[in-house]
Amino acid sequence: MTTSVDNAQTATDPTDTLGTVIEDVIRPQAPIVDRDGAFPRAGVDALAAAGLLGLASSTEVGGAGHGMRTVAEVIERLAAECGSTAMVVLMHYAATAVIEAHGPRDVRAAIATGDHLTTLAFSEYGSRSHFWSPTGTATAADDDTVRLDARKSWVTSAGEANSYVWSSLPLTRDAGPMTLWLVPADSAGLSVTGDFDGLGLRGNGSRPMTADGLRVPTTARMAADGAGLDTALGAVLPWFLVLNAAFCLGLADSAVAEAGRHLTRTTLTHTGAVLRDAPVTRRDLARLMIRTDALRAFLGDTLTALETGRDDAMLRVLQVKALAGETVADVTDGAMQLCGGSAFRKELGLERRFRDARAARVMAPTTDALLDFVGRVATGLPLLDEANR
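Values in this document were obtained by computation on a predicted structure and should not be read as measured data.

Trainee: In this structure, what is going on with the pairing of strand β4 (residues 163-168)? I would like to understand it.
Mentor: The side chains of a regular strand alternate between the sheet's two faces. With 6 of 6 residues buried, β4 is to be regarded as a mostly interior element. Judged by which residues are buried, β4 turns out to be covered on both faces: S163, V165 and S167 on one side and Y164, W166 and S168 on the other are all buried. Across 6 bridges, the pairing between β4 and strand β5 (residues 179-184) is antiparallel. When the sheet's bridge partners are listed, S167 is paired in β5 with L180.

Below is the structure:
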């Protein structure tokens with residue numbers, strides 16, 4: 001399991017501009033993105049212009065050279081304002097981790113300069129949330145190309161990204177469980193095959209895609225044939241799970257903050273009492289704060305484990321999304337209850353955060369799958385049965 005440590009020598013910190021992008025573009029657009037189910041193109045373009053899409057790219061190719069801790073902070077801050085934008089950027093960073101390790105230099109440079117949005121294309125109709133068991137095929141052709149055929153069920157930024165980190169069965173039957181490819185968005189045979197009208201994250205463009213006779217050069221393969229699962233577990237999963245936890249933290253923290261503001265500024269006219277005057281209300285708010293702060297502490301410890309190479313780093317990575325998914329679901333639910341009928345109106349933004357928070361439990365690997373993984377690690381079993389490797 002690998003990660004990078006923040007580069008203290010980076011001259012310019014693009015996160016300094018994040019507040020301006022949030023204030024000018026992302027925050028005012030968030031209700032519209034949610035209402036219309038519209039891809040947050042303006043926000044993504046503004047983040048690209050600010051250098052934030054290249055935050056995790058190597059300085060060697062023009063990126064900012066930051067590690068997971070800084071990137072997690074960006075996702076947390078984005079999620080506090082717009083879950084859809086945060087998820088698009090989260091998936092971009094997770095895919096970037098693979099491309100940085102195994103992708104071509106020109107694509108790495110394009111990502112670094114903000115000219116290229118990428119994403120993961122793992123989940124399939126046949127294996128659903130079991131991303132480690134692809135059913136889509138890769139077939140070698142005589143002209144030094146590979147034919148890809150698959151029905152992907154959920155691809156964030158589908159039809160919006162410039163490339164897709166694509167999983168398939170290996171070219172050679174016994175090579176391993178999975179192979180990864182870098183698929184350009186303009187590839188013939190690649191199509192978006194449905195719309196997304198979801199409960200939450202309504203603007204993240206998570207739509208089905210189909211590869212029907214799609215051809216890529218053999219050089220599009222990332223890592224060895226059959227080594228895709230090891231690459232996914234070692235390069236993608238730490239970024240994906242930790243950034244998901246940061247995403248959940250941003251949602252939870254913003255929900256608690258909004259609930260606190262509501263309780264402080266709302267008065268019962270007939271009694272003159274402010275909602276915060278009730279001890280039970282203060283107690284319930286305190287519980288939500290403590291749950292959120294506990295998640296923050298656990299996320300921080302997970303990042304430290306990764307940065308220092310601690311023996312329990314893998315365990316922490318598996319635990320953190322499971323903890324975060326349950327925490328954000330409970331905290332946003334509690335914030336809705338605290339604010340009562342006001343929370344059901346769009347103005348507070350709480351019902352949007354409540355809906356966005358539901359995704360964490362069911363996004364692969366699901367909470368149930370992660371709990372099984374944690375139990376396996378804790379009892380000395382391999383993460384996956386040999387049949388799945």
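Don't stop here, the text continues.
Trainee: How should I be thinking about empty space enclosed by the protein in this particular structure?
Mentor: Rolled over the atoms, a probe with the dimensions of a water molecule shows which regions are left empty. Taken as a whole and assessed by the stated rule, the structure comprises 1 cavity of 30 Å³ or more. Put simply, the largest cavity is a space of about 40 Å³. Among the elements of the structure, α1 (18-36), α4 (83-102) and α9 (350-357) are those that each provide at least two residues to the lining of the largest cavity. With 3 residues, the top contributor of residues to the lining of the largest cavity is α1. Taken together, the residues of the lining of the largest cavity sort by class into 4 nonpolar, 2 polar and 4 charged.

Trainee: I would appreciate a short explanation of the sheet that holds strand β6 (residues 190-192) in the present structure.
Mentor: Within a sheet, adjacent strands bond to each other through the backbone by hydrogen bonds, running parallel or antiparallel. Here we have 4 strands laid out as an open sheet, ordered β2-β3-β7-β6, and antiparallel in their pairing. Here the strands that pair on one side only, and so sit at the sheet edges, are β2 (137-140) and β6. Adjacent strand axes in the sheet meet at a mean angle of 10° when their direction is disregarded. With 3 bridges joining them, β6 and strand β7 (residues 207-217) adopt antiparallel strand pairing.

Trainee: Hey, could you run me through the nonpolar core in this one?
Mentor: It is characteristic of soluble globular proteins that their nonpolar side chains tend to be buried jointly. Counting 97 residues, the largest nonpolar core has L78, Y93, V165 and F247 as the members making the most contacts within it. Among the elements that make up this core, the one with the highest residue count is helix α6 (residues 228-265) (21 residues). Each residue touching Y93, except ones within four places of it in the same chain, is listed here: L52, L53, L55, A56, V71, V74, I75 and L243. By size, the runner-up hydrophobic cluster in this structure holds 24 residues, among which are A138, L148, A150 and V155.

Trainee: Explanation requested: helix α5 (residues 105-112) in the structure shown.
Mentor: If you check which residues of α5 are buried, you get V107, R108, A110, I111 and A112. Taken together, the buried residues of α5 touch α4, β1 (118-121) and β5. G114 sits one or two positions beyond α5 and adopts a positive phi of about 85°.

Trainee: I tried to follow the state of the cysteines on my own but got confused; where do I start?
Mentor: As used here, a disulfide is simply a covalent bond connecting the sulfur atoms of two cysteines. One pass over the full model with this rule turns up 0 disulfides. Just so you know, C82 is unpaired, no disulfide at all, and the nearest cysteine sulfur is the one on C248, 15 Å from it. The exposure class of C82 is buried, given its relative accessible area of 3%. Sulfur of C339: no disulfide; nearest cysteine sulfur belongs to C248 and is 20 Å away.

Trainee: I'm lost on the layout of surface pockets in this one. Help?
Mentor: The space that makes up the largest pocket amounts to roughly 760 Å³. In terms of lining, the largest pocket is formed by 32 residues, of which the most central are W154, S206, V362, M363 and A364. Elements represented by at least two residues in the lining of the largest pocket include exactly α4, β3 (145-155), α6, α9 and α10 (359-362). Residues of the lining of the largest pocket, tallied by class, amount to 19 nonpolar, 8 polar and 5 charged.

Trainee: Help me understand the packing of aromatic side chains, please; the structure alone is not making it clear to me.
Mentor: Where two aromatic rings form a pair, the distance of their centres and the angle of their planes describe that pair. Within this structure, the stated rule accounts for 4 aromatic pairs. On the numbers, 6.3 Å between centres and 20° between planes, the contact of F122 with F131 is stacked. The same class applies to F122 and to F131, which are both buried. Across from the ring centre of W166, 5.0 Å away, lies the NZ or CZ of K152, which sits over that ring.

Trainee: Would you mind showing me how to read α9 here?
Mentor: An α-helix turns once per 3.6 residues; consequently, residues spaced three or four apart project the same way. Counting buried residues in α9 gives 7 out of 8 residues, a clear majority hidden from the surface. Among the residues of α9, L350, E351, R352, R353, R355, D356 and A357 are the ones counted as buried. The elements touched by buried residues of α9 are α1, α3 (68-81), α4, α6, α8 (313-339) and α10.

Cut-off values and rules
Numbering of residues begins from 1 in every chain and follows the order in which that chain's sequence is written. In keeping with the model being predicted, local features are shown solely for residues with a pLDDT of at least 70 and side-chain atom pairs are shown and tallied solely at 80 or more, while totals for entire chains, interfaces and linings include all residues. By convention in this description, side-chain values take in all heavy atoms of the structure and omit both hydrogens and water. Relative accessible area decides the class of each residue, using a 1.4 Å probe on protein chains only: under 20% of the type maximum gives buried, over 50% gives exposed, and in between gives partly exposed. Helix numbers and strand numbers start at the N terminus; a helix is a DSSP run of H or I with at least 4 residues, a strand a run of E with at least 2. DSSP-based pairing: two strands are paired if at least 2 bridges between them are found. Cavities and pockets are defined on a 1 Å grid built over the protein atoms alone: a cavity is a set of grid points where a 1.4 Å probe fits but cannot escape, while a pocket is an open set with protein on both sides within 12 Å along at least five of seven lines, and lining residues are those with an atom within 4 Å of any such point. Grid points are joined across faces, edges and corners, and a volume is the space filled by probe spheres set on the points. Note on residue classes: Ala, Val, Leu, Ile, Met, Phe, Trp, Tyr, Cys and Pro are nonpolar, Asp, Glu, Lys and Arg are charged, and everything else, Gly too, is polar. Whenever a helix is involved, its axis is fitted only over the stretch in contact; in every case the axis is a line through C-alpha atoms, and angles between N-to-C directions fall within 0 to 180 degrees. Buried Ala, Val, Leu, Ile, Met, Phe, Trp, Tyr and Cys residues form a nonpolar core when they are joined through side-chain atoms within 4.5 Å. By definition, residues are in contact when any of their heavy atoms lie within 4.5 Å. Counting rule for disulfides: a pair of cysteine sulfur atoms within 2.5 Å. Pairing of aromatic rings covers Phe, Tyr and the six-membered ring of Trp, with a centre-to-centre limit of 6.5 Å; geometry is then stacked below 30 degrees between planes, edge-to-face above 60, and tilted otherwise. To sit over a ring, a charge needs its Lys NZ or Arg CZ within 6 Å of the ring centre and within 35 degrees of the ring normal.

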